[in-house]
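Structural features, examined
Each chain, letter by letter, is given below.
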Amino acid sequence: MSALGEYAPVSLPTEEILDRIAAAKKKLGQSTIILGHHYQRDEVFRFADFSGDSFKLARDAADRRDARYIVFCGVHFMAESADILTADDQSVLLPDLKAGCSMADMADIDQVLDCWEVLGPRLSQSTIPITYMNSSAAIKAFCGEHGGIVCTSSNARSVYRWAFERGDRILFIPDEHLGRNTGHTMGISDDEMVVWDPHSPVGGLTGDELERSRVILWKGFCSVHMTFQPEHCDRMRERFPDVKIVAHPECTAEVVANSDYSGSTEQIIRLVNESPPGTPWAIGTEHHLVARLNELLPDHEVMPLSPFACNCATMWRIDPINLMDVLEGLVVGKVINRIIVPKEVADPALIALERMLANA
Ligand code: 13P
Ligand code: SF4
């Protein structure tokens, strides 16, 4: 029985699946690249030609004009963005179409249009919409059409700066916490940030609250990062007085305030890598990244911030079997699970994504 046996159908041992992935990848050669987000499981991540956070993967996709096929081992909004950023003769494939993102699902385009209508011409003229990468292509297109921009967790601060050079107020969709944490880094107080609840009439806000706000935060969150609590930081410091704590900015402001650092997955990796050997680290993000860092950096002590393993169920949907199916399909000329964003959405979304790439 293989150590990875739980992924394999009864008739196919996992080692055989992994061998078949390797063989298909070899046959496809340079025509195909595999992109892998840091939250992917190891058996998939090991096949990635390029790995990174969502900003870096978007750039990798945009830069690889020579690849005919881009197999995206990540989630749906990432594959959509890659499709928008690549040429028409390139195809982006997502090994499992159900690999979505519960946070991205917390904002739909009709709710965003309702919000914009409530803001009305007077407020919306001075409001710049920013959508986190974790959102649908339709919301990115809305931002492109309304003088807005896309951000990721690695460039949110410079995107806020960009927006405040063009308007007085930001509408930030869909992660309340990344929006709030970024506001804090720019000296914006909680009094100046209001939360728009898409399920309440007029967002649950008064006209006066909207008028006074500098940032309108969409009421959305990542359930993976919400599991971290400020008390986890306290407990880590009690047990390991020298510990350095880094939290992803999708964590609450209380967790970020109780951490030593905050940053995107790529920034977390850099921080740990650049620290002196022996440094104990407690990391508040998805556990595949934490476990991988722990394995790759045996001279460091890398621990999860919370004792409960914190898994992104949708990242997990990409597995060796659906990766194998997609690659073997390409070998015989069959394109499975292609992500296609219609041109009328892709064109304005590209404007917002290109603004994002220009604001690293
Ligand atoms: P980054 O990899 O950009 O830090 O984002 C984390 C995330 O939640 C991706 O869904
Ligand atoms: Fe979405 Fe959170 Fe999973 Fe990222 S970790 S894909 S934000 S659910």
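Structure first, text after, so check above.
Quick caveat, the model's predicted, so the values are computed rather than measured.

**Here we look at the overall build of the chain**
Along the backbone of the chain there are 15 helices and 13 strands. For 360 residues, the compact-globule estimate of 2.2 N^0.38 gives 21 Å, and the chain sits close to it at 21 Å. Dimensions of the chain, computed from the C-alpha atoms along their principal axes, are close to 65 × 55 × 35 Å. Within the chain, the proportion of its 360 residues that are buried is 58%. A fraction of 65% describes how many contacts in the chain between residues 6 or more apart in sequence connect residues 24 or more apart.

**Some details on a negative patch on the surface**
Together, Asp108, Asp110, Asp114 and Glu117 make up a negatively charged patch on the protein surface. Summarising the element assignment, Glu117 is placed in helix α5 (residues 109-125).

**Focus: the pairing of strand β3 (residues 69-73)**
The two faces of a sheet get side chains in turn, since along a regular strand they alternate between them. The buried fraction of β3 amounts to five of the five residues, a majority that puts the element mostly inside the structure. The alternating pattern of β3 places Tyr69, Val71 and Cys73 and Ile70 and Phe72 on opposite faces, both of which are buried. Bridging between strand β1 (residues 32-37) and β3 involves five bridges; their strand directions are parallel. Each bridged residue has a counterpart across the sheet, and for Thr32 the counterpart in β3 is Tyr69.

**Here's the deal with the nonpolar core**
The biggest cluster of nonpolar side chains holds 119 residues, and the ones touching the most others in it are Ile130, Phe172, Ile283, Leu293 and Leu323. Broken down by element, the residue count for this core peaks at seven residues, all from helix α15 (residues 343-357). If near-sequence neighbours (up to four positions away) are discounted, Leu293 is found in contact with Ile268, Ile269, Val272, Ile283 and Val302.

**Re the site of ligand 2**
Neighbouring residues of ligand 2: Tyr39, Cys101, Ser102, Met103, Asn134, Cys222, Glu250 and Cys312. In the shell around ligand 2, the residues fall into five nonpolar, two polar and one charged.

**Thoughts on the sheet that holds β1**
Across a sheet, paired strands are connected by hydrogen bonds in the backbone, their directions being either parallel or antiparallel. Sheet architecture is open: four strands sit in the order β2-β1-β3-β4, paired in parallel fashion. The strands lining the two open edges of the sheet, one partner per strand, are β2 (50-52) and β4 (91-93). Between one strand axis and the next, the sheet turns by 20 degrees as a mean value, whatever way the strands run. Note: β1 against β2, three bridges, orientation parallel. By the bridge assignment for β2, His37 is matched with Gly52.

**Quick look at the environment of Asp168**
As for its placement among the helices and strands, Asp168 is situated in the loop between α7 (156-164) and β7 (169-173). Since its relative accessible area comes to 53%, Asp168 is described here as exposed. Through-space distance from the C-alpha of Asp168 to that of Ser213 is 9.2 Å; in sequence the pair is 45 residues apart. In this structure, Asp168 is in contact with Ser126 and Arg214, ignoring residues within four places of it in sequence.

**What about the site of ligand 1?**
Lining the immediate environment of ligand 1, one finds 13 residues, of which His37, Ser54, Ser153, His248 and Thr265 sit closest. Note that an oxygen atom of ligand 1 is positioned 3.3 Å from one of the side-chain N or O atoms of Asn134. Thr265 is positioned such that a nitrogen or oxygen atom in its side chain is 2.7 Å from an oxygen atom of ligand 1.

**Brief notes about the side chain of Asp96**
In this structure, Asp96 sits in the loop between β4 and α5. A polar contact of 2.7 Å, which involves the side chain of Asp96, links it to the backbone nitrogen of Lys98. Among the polar contacts made by the side chain of Asp96, one reaches the side chain of Arg317 at a distance of 3.1 Å. Among residues more than four places away in sequence, those in contact with Asp96 are Arg317, Ile318, Asn322 and Asn337.

Rules used in this analysis
Residues numbered from 1 in each chain as written. Chains lettered and ligands numbered in written order. Predicted model: local features only at pLDDT ≥ 70, side-chain atom pairs only at ≥ 80, totals over all residues. Heavy atoms only, no water. Helix = DSSP H or I, 4+ residues; strand = E, 2+ residues; numbered from the N terminus. Rg over C-alpha atoms; globule rule 2.2 N^0.38 Å. Buried < 20%, exposed > 50% of the residue type's maximum accessible area, 1.4 Å probe, protein only. Contact = heavy atoms within 4.5 Å. Patch = residues over 30% accessible without salt bridge, like charges linked within 9 Å, V, L, I, M, F, W, Y side chains within 5 Å. Areas by Shrake-Rupley, 256 points an atom, 1.4 Å probe, with all protein chains shown as cover. Salt bridge = Lys/Arg side-chain N within 4 Å of Asp/Glu carboxyl O. Lys, Arg positive; Asp, Glu negative; His and termini not counted. Charge placed at Lys NZ, Arg CZ, Asp CG, Glu CD. Pairing = 2+ DSSP bridges. Core = buried A, V, L, I, M, F, W, Y, C linked by side-chain atoms within 4.5 Å. Near = heavy atom within 4 Å. Nonpolar A, V, L, I, M, F, W, Y, C, P; charged D, E, K, R; others polar. Axes fitted to C-alpha atoms, helices over the stretch in contact; angles between N-to-C directions. Polar contact = N/O pair within 3.5 Å; in protein donor to acceptor, adjacent residues only side chain to side chain.

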